[in-house]
Amino acid sequence: MKSKAYGWAAIAVLLVLANISAAAQGPMQDRFERSGGTITFEGQINAYSPQTATTGTAGPYEIRGPWSLSLKRDRDGDTFRFSAAVNMELSDGWVLTTNRNSASPFDPSARNAHTHHITMTEGQITRLPNGGFEIAGTGTVTLNGGATPFAQQSSLTITITGGTDVEFSNMTMTFGLPASNHFGLDPLPGVVRSVKEER
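All values reported here derive from a predicted model rather than from experimental measurement.

Visitor: A description of the pairing of strand β4 (residues 114-120) should follow, citing residues and the corresponding values.
Guide: Along β4, the buried face is formed by H114, H116, I118 and M120; none of T115, H117 and T119, which line the opposite face, is buried. Pairing geometry for strand β3 (residues 77-90) and β4, over 7 bridges, is antiparallel. Bridge pairing in β4 links S83 to T119.

Set out below in structure tokens:
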């Protein structure tokens, strides 16, 4: 009798632990497989362009600003909207290398500060083995609210990953041509500040 009681108790404990573990992990794949609802990610981009990325200047540029990504699943399939609003200006690295012999090397007006709004609403969503995901599609870029000197549409890949303690912590934004001539080909890193799920 006692052995049976202990056996049932052990099974109950294992079931509770399994449920706690599953809840703690909160795998993205389970969320994608639910029908209906929206998951919204928000964060901040804090990056530098490569030193040789921008034609006509040595770089690098600081790239800073907020971003958001909303994923929605319904009967018609998965849809998403990514947007970022970043400010770019030549960094202290540029001041100390290219502009150091200027009469006013740290003059803010010499740093070519400008803004970009970046949006993407169509692309392929792919789950990653580490529990994160990426979205690859075509992004649209503006310059100071208007047209860019390069073609406004370029390939764009957004990747969101995490770790054992924070499910979604890191984000990268990677451009293809022609925008990569300005932003560089390297992934531009950011942080995930919040994840909200609405049913």
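Visitor: With reference to specific residues and values, describe the packing of aromatic side chains.
Guide: Considering all chains together, one arrives at 5 aromatic pairs under this definition. Ring plane angle 75° and centroid distance 6.4 Å describe the contact between F133 and F168, whose orientation is recorded as edge-to-face. Of this pair, F133 sits in strand β6 (residues 133-141) while F168 sits in the loop between β7 (153-161) and β8 (170-175), and the two are 35 residues apart along the sequence. With relative accessibility at 1%, the residue F133 sits in the buried group. Cation over ring: R64 sits above Y48, and NZ or CZ is 4.8 Å from the ring centre.

Visitor: Go over the pattern of salt bridges, please, and point to the residues and values.
Guide: Going through the model one piece at a time under the given rule, you end up with 1 salt bridge. A salt bridge links E62 to R64; its shortest N-O distance comes to 4.0 Å. Taking relative accessible area as the criterion, R64 reaches 26% and is therefore assigned partly exposed.

About the criteria used
- Residues numbered from 1 in each chain as written.
- Predicted model: local features only at pLDDT ≥ 70, side-chain atom pairs only at ≥ 80, totals over all residues.
- Heavy atoms only, no water.
- Buried < 20%, exposed > 50% of the residue type's maximum accessible area, 1.4 Å probe, protein only.
- Helix = DSSP H or I, 4+ residues; strand = E, 2+ residues; numbered from the N terminus.
- Pairing = 2+ DSSP bridges.
- Phe/Tyr/Trp six-rings, centres within 6.5 Å; stacked < 30°, edge-to-face > 60°.
- Lys NZ or Arg CZ within 6 Å of the ring centre and 35° of its normal.
- Salt bridge = Lys/Arg side-chain N within 4 Å of Asp/Glu carboxyl O.

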